[in-house]
Amino acid sequence: MKRELMKFLVFAAAVLTAPLFLKGGYIVNVLVFVGIYTILAVALNLLLGLAGQISLGQAAFFGLGAYISGVLTATYAANPWVAMVIAVIAVGAIAFALGFPILKLKGHYLAMATLGMGIIVYIIFNETVDITGGPSGLSGIPNLSIGGIVFNTDMKNYYLVWSFVIVTILLSVNLSQSRIGRALRAIHDSEVAARILGVNVRLLKVQIFTVSGIFSALAGSLYAHTVQFISPASFGFNVSIELLTMVIIGGLGSIYGSFLGAAILTLLPELFRTFQDYDIVVYGTVLIVMTMFMPGGLVRGVPLLARSLLVRVKAGLSSEKSV
Amino acid sequence: MELIEQLLQYTLSGLSTGAIYALIGLGFAIIYNSTSIINFAQGEFVMLGGMLTLFFHVTLGLYLPLAVVLAIAAATAVGALFERLAISPLKDAEPIILVIITIGGSILIRGVAMLLWGKDTHALPMFSGDDPIILLGAAIMPQNIWIFGVTLIIITANRLFFHHSVSGKAMRACSFNRIASRLVGIDVKRMILFSFIISSAMGAVAGIIIAPLTMTSYDVGVMLGLKGFCAAIIGGMSTGMGTVAGGLIVGVLESLGAGLISSGYKDAIAFIILLVILLIRPQGLFGKGEAERV
């Protein structure tokens, strides 16, 4: 427990002081997106890493959060904070209702059902042109503000988004350490065993699905109010896949791993932008190589790699001595 | 009368896209049955089939049948290479890790295709002209006949291979029980390689015969692959004929829905059917229920 607290404090301190070392500008803008994707990856990790339930449709909740927030403020001139709360509650309710039928499924059937859900929602964003603006998007979404402070610069948005990231991580770490977290891990290992031990498997699965949806909607709402423009392309199938990759690359079940995965997959394309059209090839290769050589994710892979290197170096030294 | 003609027209064109979904779905099912992997790269072989034929036929000016053969061979080689380099080295990886690797493979193949051939959409010429044939008041293209014919041949060959040849039976044995198969002397790793070869070849064929009708580009594989997967799930992964029926059902309902209700929601139809089937009958329309071992 103490170790978890230390980890959290170090993380929070790093997040709060990071901008002091950056001169501002483009990198801060990228870091805002890292924050949004961290919330999304953590949300998926609670579902997949903790409870062992896959979702290939997370972008649907992300998009619903963004569109509910965006439409309420841009079209109906609602207060952004009120819109955010409504978006989060509405998506939570949708996830809860969808959860009961969908989470009856397991394994690749669950993967396919959530994938279908994601694509259907994406198509609805595209087709309901009167409400969402269709493929050309929805613009004119206002920034969030507190008192006189309007979150309209990269630096202000950084602190806004990362405050939410810190809260999300705190809640998630807490959840995974709690009695409920242990029950969810029991479901992950064996649903039947968990049920025998008195865990209400069905309800708990739906609840964690709902929590995951709520965090994703929060990320969506933050996205809408920081970028101020949304279009369906940001919430398509490939986004759901990217989120899945972030969780796997970071390490299944590790909350901070999700942050690492989100950071790497958001920063990589920015680094590869210099390769222009080659970026997608590099991205695919990195993805294959990393999953092949670090199937446990960075959180488990890097220490393991370091240890095996150390062993090899030691072996090299001792063999030299013996010669 | 006009409505009936319209319905016939939609049904016929739906059957031909359905045949394509069936071929892609069969490829999915073959790999899934032998490895428990959902191969997200399956759609890319469909794309490779179309784009490689275009490259050999239009860019290099080769005779069409030769271009088709070369395209199938090249796409199959890519499939085999992918299995050897990325799937086979990981012996005991969890299925989810392998699934992520197929996603990486799909991004990589799509990226290379984009670099080689650009982002434009291209049309492959029809195999035997583009004069429509009138059948009971509905017009069908000769290309549709090609699609029906080729699909029928492949499905029959597939059935014969898996039920009446030693290699096919060995592959089915692997899908039932890998350890037992190894015990009776079946080279499981080779069978997995075979399953990738067969399904990438089948994907490529599907991509080639559909390309003259729907155009092709570096990114057609994603949607086609997913719909093929819908077909496999709807029909039930464990039965080949179920997958074929699933493909035809998706194709026809999609075409009817697009024609009669709204073309904007066309792509949603396959997934709505998928959700409905999954919720009522998760093992697929024709699949046998699996008992869960605890």
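What you see is a predicted model; the values in this text were computed from it and never measured. (Residues numbered from 1 in each chain as written. Chains lettered and ligands numbered in written order. Predicted model: local features only at pLDDT ≥ 70, side-chain atom pairs only at ≥ 80, totals over all residues.)

Student: Looking at this structure, I do not really get the overall build of chain B. What am I missing?
Tutor: If you tally the helices and strands in chain B, you get eleven helices and two strands. Starting at the N terminus and ending at the C terminus, chain B contains elements arranged as α-α-α-α-β-β-α-α-α-α-α-α-α. Here the C-alpha radius of gyration of chain B, 19 Å, is about what a compact globule of 294 residues would show, namely 19 Å. For chain B, the spread of C-alpha atoms along the three principal axes comes to 60 × 50 × 35 Å. Sorting the 294 residues of chain B into buried and exposed places 51% on the buried side. (Helix = DSSP H or I, 4+ residues; strand = E, 2+ residues; numbered from the N terminus. Rg over C-alpha atoms; globule rule 2.2 N^0.38 Å. Buried ≥ 20, exposed ≤ 12 C-beta atoms within 10 Å, placed from the backbone.)

Student: Please explain the overall build of chain A as it appears in this structure.
Tutor: Counting secondary structure elements, chain A contains 14 helices and four strands. Relative to the compact-globule value of 20 Å for 323 residues, chain A shows a C-alpha radius of gyration of 21 Å, a close match. C-alpha atoms of chain A, sized along the principal axes, occupy 80 × 55 × 40 Å. Taken over 323 residues, chain A has a buried fraction of 49%.

Student: Whenever I open this one, the confidence of the model for chain B confuses me. Can you help?
Tutor: Low pLDDT marks stretches whose predicted atomic positions should not be read closely. All names here are of chain B. In this model, chain B carries a mean pLDDT of 88, and residues with pLDDT of at least 70 account for 97%. The secondary-structure element of chain B with the lowest mean pLDDT is strand β1 (residues 133-135), recorded at 79, while helix α3 (residues 64-87) shows the highest, at 94. Here the predicted complex scores 0.88 on pTM and 0.85 on ipTM. (pLDDT = per-residue confidence, 0-100.)

Student: What is the right way to look at the nonpolar core in this model?
Tutor: Most often, soluble globular proteins keep nonpolar side chains buried together rather than apart. Ranked by internal contacts, the top residues of the largest apolar core, which has 195 residues, are I39 and L40 of chain A together with C230 and L274 of chain B. In contact with C230 of chain B, not counting residues within four places along its chain, are V250, A270, F271 and L274 of chain B. (Core = buried A, V, L, I, M, F, W, Y, C linked by C-beta atoms within 7 Å. Contact = placed C-beta atoms within 7 Å.)

Student: Looking at this model, I keep getting lost on the environment of A206 of chain B. Mind explaining?
Tutor: All names here are of chain B. Assignment of secondary structure puts A206 in helix α8 (residues 188-214). With 32 C-beta atoms counted inside 10 Å, the residue A206 sits in the buried group. Note: C-alpha distance between A206 and V46 (160 residues apart in sequence) is 6.1 Å. Each residue touching A206, except ones within four places of it in the same chain, is listed here: I20, L23, I24, V46 and G49.

Student: Is there a simple way to explain the interface of chain A and chain B in this structure?
Tutor: By a widely used convention, the size of an interface equals the accessible area lost when the partners come together. Contact residues are listed per partner, giving 29 residues for chain A and 32 residues for chain B. Secondary structure elements with two or more residues in the side of chain A that touches chain B: α5 (107-127), α11 (237-250) and α13 (279-293) of chain A. Per-element tally for the side of chain A that touches chain B: the top contributor is α5 of chain A, with eleven residues. Partitioned by chemical class, the residues of the side of chain A that touches chain B number 21 nonpolar, six polar and two charged. (Nonpolar A, V, L, I, M, F, W, Y, C, P; charged D, E, K, R; others polar.)

Student: Teacher, can you tell me more about the environment of G168 of chain B here?
Tutor: All names here are of chain B. With respect to the helices and strands, the residue G168 is situated in helix α6 (residues 166-176). For the pair G168 and T11, spaced 157 residues apart in sequence, the C-alpha separation works out to 33 Å. For G168, the contacting residues outside a window of four places in its chain are F161, F162 and H163.

Student: Sorry if this is basic, but what is going on with helix α1 (residues 2-35) of chain B here?
Tutor: Structural remark: α-helix, 3.6 residues per turn; residues separated by three or four positions point the same way. Taking 1.5 Å as the rise per residue, α1 of chain B with 34 residues should run 50 Å; its terminal C-alpha atoms sit 49 Å apart, in good agreement. Backbone geometry just downstream of α1 of chain B places S36 of chain B in the positive-phi region, at approximately 60°. (Expected span 1.5 Å × (residues − 1).)

Student: Please clarify how the packing of helix α9 (residues 221-235) of chain B against helix α10 (residues 240-260) of chain B should be interpreted in this entry.
Tutor: A pair of packed helices is characterised by two quantities: the angle between their axes and the separation of those axes. All names here are of chain B. At their nearest, the axes of α9 and α10 sit 7 Å apart, and the two run at 120° to each other. For the element pair α9 / α10, the angle class is oblique. In this structure, α9 crosses over α10, and the sense of that crossing is right-handed. In this structure, α9 contributes K227, C230, A231, A232, I234 and G235 to the contact, and α10 contributes G242, T243, V244, A245, G246, G247, I249 and V250. Each residue belonging to the contact of α9 with α10 can be placed in one class, and the counts come to eight nonpolar, five polar and one charged. (Axes fitted to C-alpha atoms, helices over the stretch in contact; angles between N-to-C directions. Parallel < 35°, antiparallel > 145°, perpendicular 65-115°, else oblique. Left-handed = near helix turned anticlockwise from the far one by under 90°.)

Student: Help me understand the packing of helix α8 (residues 179-189) of chain A against helix α10 (residues 201-227) of chain A, please; the structure alone is not making it clear to me.
Tutor: Residues and elements named next belong to chain A. One way to put it is that α8 packs onto α10 with a least axis distance of 11 Å and a crossing angle of 110°. Between α8 and α10, the angle falls in the class roughly perpendicular. Together, A183, L184 and I187 of α8 and V201, L204, K205 and I208 of α10 make up the contact between the two elements. The class makeup of the residues in the contact of α8 with α10 is six nonpolar, no polar and one charged.

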